[in-house]
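Geometric and topological summary
Okay, here's what each chain looks like letter by letter:
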Amino acid sequence: MSDALNPETPEETEEEPIKQRKNGLYPGVSDELAAFMKAGWADTELHDLEPVPQAGHTAARRAALSARFPGERLVVPAGNLKTRSNDTEYAFRSSVEYAYLTGNQTEDGVLVMEPTRDGHRATIYLLPRSDRENGEFWLDGQGELWVGRRHSLTEAERLYGIPASDVRELPEALRAATGPVRVVRGYDAGIEAALTDKVTAERDEELRVFLSELRLVKDAFEVGELQKAVDSTVRGFEDVVKVLDKAEATSERYIEGTFFLRARVEGNDVGYGSICAAGPHATTLHWVRNDGPVRSGDLLLLDAGVETHTYYTADVTRTLPVNGRFDELQKKIYDAVYEAQEAGIAAVKPGAKYRDFHDAAQRVLAGKLVEWGLVEGPVERVLELGLQRRWTLHGTGHMLGMDVHDCAAARTETYVDGTLEPGMCLTVEPGLYFQADDLTVPEEYRGIGVRIEDDILVTEDGNRNLSAALPRRSDEVERWMAELKG
């Protein structure tokens, strides 16, 4: 096979000058200062690094990828920084495909799987440490003294168990490469441009789909990370309950900020924009403005999840009475959703159809709507026509992992029309939402929204609720809140 990605004598390219900020206070760098900045620095190379905990698992994932696409060069980019405004960037989060296969999370990284006679040779292409000879380390906006130290290529090899090379040499090597190539699109325009005449959208989509389906069943490391994410999320929900009085004095933003603090202290970030929906905002499925009032007597729908440092996220929802007690109607609606969730969770087991938990929960909710006189029965008619969807709105769950809606690119036949297997992790999250302007329901229902969501792992003999530490039954929720509030 071609060794074009590792040329022995790469062409010399003229180095671009480091850009200066337009309105910077210093007009330039004297020769004396440049020489002064080069000298007098200690050797900080790290020699005692251990492989990242998931290194063995990432190797197995690459082996599965290699087996699926023999004889083809596979290119998986991490992505680049995105500008937030002017010369500031959003916090970087690498592509899930790249992080899943390498354990690395740095911008501009690229994994290349070079075909060999018996499989593939993996190389991780990264930016090396900032250059001290040309002044990059202190003059460039992404230099070491501005944004922090990068790992050297040798350090990266120790951490990730993959040979590392300078990513700046990769585009030219890719342009010269021969043979079939696939790339994960949408993350690195420069890499895609280097391959523009070598790839097709159809073949690249096959690669993306395979990597999505590869994540359907979680390995032991992933399950552990998901449990960490959930455990931190549980503590975040406890934090919120303890400060509901402060949220009443301010707004939903206090709830958002409180949970975010837990996410940043114990994890990488929140796994998605927290939904901190009080009162009628709870009927908006993805209410992330979080700028409304929090009032005693209303319900708070809190849908939030901590993301671990390895990108695995929890996704949990609880609907809580702000004053700690459900009123009669709130309790009736909440208990109906709880009953639907119980039916959904019971349907999660190996060998079951993925759709079973959704169907079980929807049947309960449709029955309640008929029982309350909100829609004409029988239940079979309601379900056949989908009439319950006016108030249930969404599907009852989704796969969970490194993305909050994980494995989204998987084929329909392996996902929603597929069969549950041990190691799959999904949410079960039925809800009822009565919009404030819905004239088809009694006035007292309007503006009430309830969702209960837990993270469920399929096991060999059934399932395990990873978020079981958070109470779900209405009386348990009230008791839990009272204890937290002292």
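Residues numbered from 1 in each chain as written. Predicted model: local features only at pLDDT ≥ 70, side-chain atom pairs only at ≥ 80, totals over all residues. Heavy atoms only, no water.

**Focus on the overall build of the chain**
Across its full length, the chain holds 17 helices and 17 strands. Expressed along its principal axes, the backbone C-alpha trace of the chain runs to roughly 80 × 55 × 40 Å. Taking all 486 residues of the chain together, the buried fraction comes to 49%. A sequence separation of at least 24 residues applies to 70% of the contacts in the chain between residues at least 6 apart. Looking at the chain as shown, the accessible area adds up to about 23,300 Å², and 50% of this sits on carbon and sulfur atoms. Separation of charge centres in the chain, based on 56 positive and 86 negative side chains, amounts to 3 Å. (Helix = DSSP H or I, 4+ residues; strand = E, 2+ residues; numbered from the N terminus. Buried < 20%, exposed > 50% of the residue type's maximum accessible area, 1.4 Å probe, protein only. Contact = heavy atoms within 4.5 Å. Areas by Shrake-Rupley, 256 points an atom, 1.4 Å probe, with all protein chains shown as cover. Lys, Arg positive; Asp, Glu negative; His and termini not counted. Charge placed at Lys NZ, Arg CZ, Asp CG, Glu CD.)

**Side note on the nonpolar core**
Residues Leu65, Ile255, Ile333, Trp372, Leu432 and Phe434 are the most contacted members of the largest nonpolar core, which totals 91 residues. The dominant element in this core, judged by the number of residues it contributes, is helix α10 (residues 220-242), at nine residues. (Core = buried A, V, L, I, M, F, W, Y, C linked by side-chain atoms within 4.5 Å.)

**Regarding a nonpolar patch on the surface**
Taken together, Trp41, Leu145, Trp146 and Val147 make up a surface patch of nonpolar side chains, about 450 Å² in accessible area. Considering the arrangement of structural elements, one finds Trp41 in the loop between α1 (31-38) and α2 (55-68). By relative accessible area, which is 40% here, Trp41 ends up partly exposed. (Patch = residues over 30% accessible without salt bridge, like charges linked within 9 Å, V, L, I, M, F, W, Y side chains within 5 Å. Salt bridge = Lys/Arg side-chain N within 4 Å of Asp/Glu carboxyl O.)

**Structural notes on the pattern of salt bridges**
Applying the stated criterion to the full structure yields 38 salt bridges. Notably, a salt bridge pairs Arg235 with Glu266, separated by 3.0 Å at the nearest N-O pair. Of the two residues, Arg235 sits in helix α10 while Glu266 sits in helix α12 (residues 252-266), which places them 31 residues apart along the sequence. A salt bridge links Glu266 to Arg262, with the nearest nitrogen and oxygen atoms 2.5 Å apart. Pair noted here: Glu266 and Arg262 are both in helix α12, with a separation of four residues, about one helical turn. The class of Arg262 is partly exposed, set by a relative accessible area of 21%.

**Overview of the UniProt feature "domain: Aminopeptidase P N-terminal" (unreviewed entry) in the chain**
Under the local residue numbering, the UniProt record ascribes the feature "domain: Aminopeptidase P N-terminal" (unreviewed entry) to residues 52-192. Taken end to end, residues 52-192 is 34% helix and 22% strand, and its first and last C-alpha atoms sit 29 Å apart. (UniProt positions renumbered as here; feature names shortened; annotations may be inferred.)

**Things to note about helix α13 (residues 328-346)**
An ideal rise of 1.5 Å per residue puts 27 Å on 19 residues; α13 measures up with 27 Å between its terminal C-alpha atoms. Of all the residues in α13, the buried ones are Leu329, Gln330, Ile333, Tyr334, Ala336, Val337, Tyr338, Ala340, Gln341, Gly344 and Ile345. (Expected span 1.5 Å × (residues − 1).)

**Considerations on the sheet that holds strand β12 (residues 316-321)**
Pairing in this open sheet of three strands is antiparallel, and the strands run β9-β10-β12 from one edge to the other. Edge strands, defined here as strands with exactly one partner in the open sheet, are β9 (275-278) and β12. Within this sheet the neighbouring strands show an average axis-to-axis angle of 10 degrees, counted without direction. Lying over the sheet, α12 contacts β9 and β10 (299-304), oriented at roughly 150 degrees with respect to β9. (Pairing = 2+ DSSP bridges. Axes fitted to C-alpha atoms, helices over the stretch in contact; angles between N-to-C directions.)

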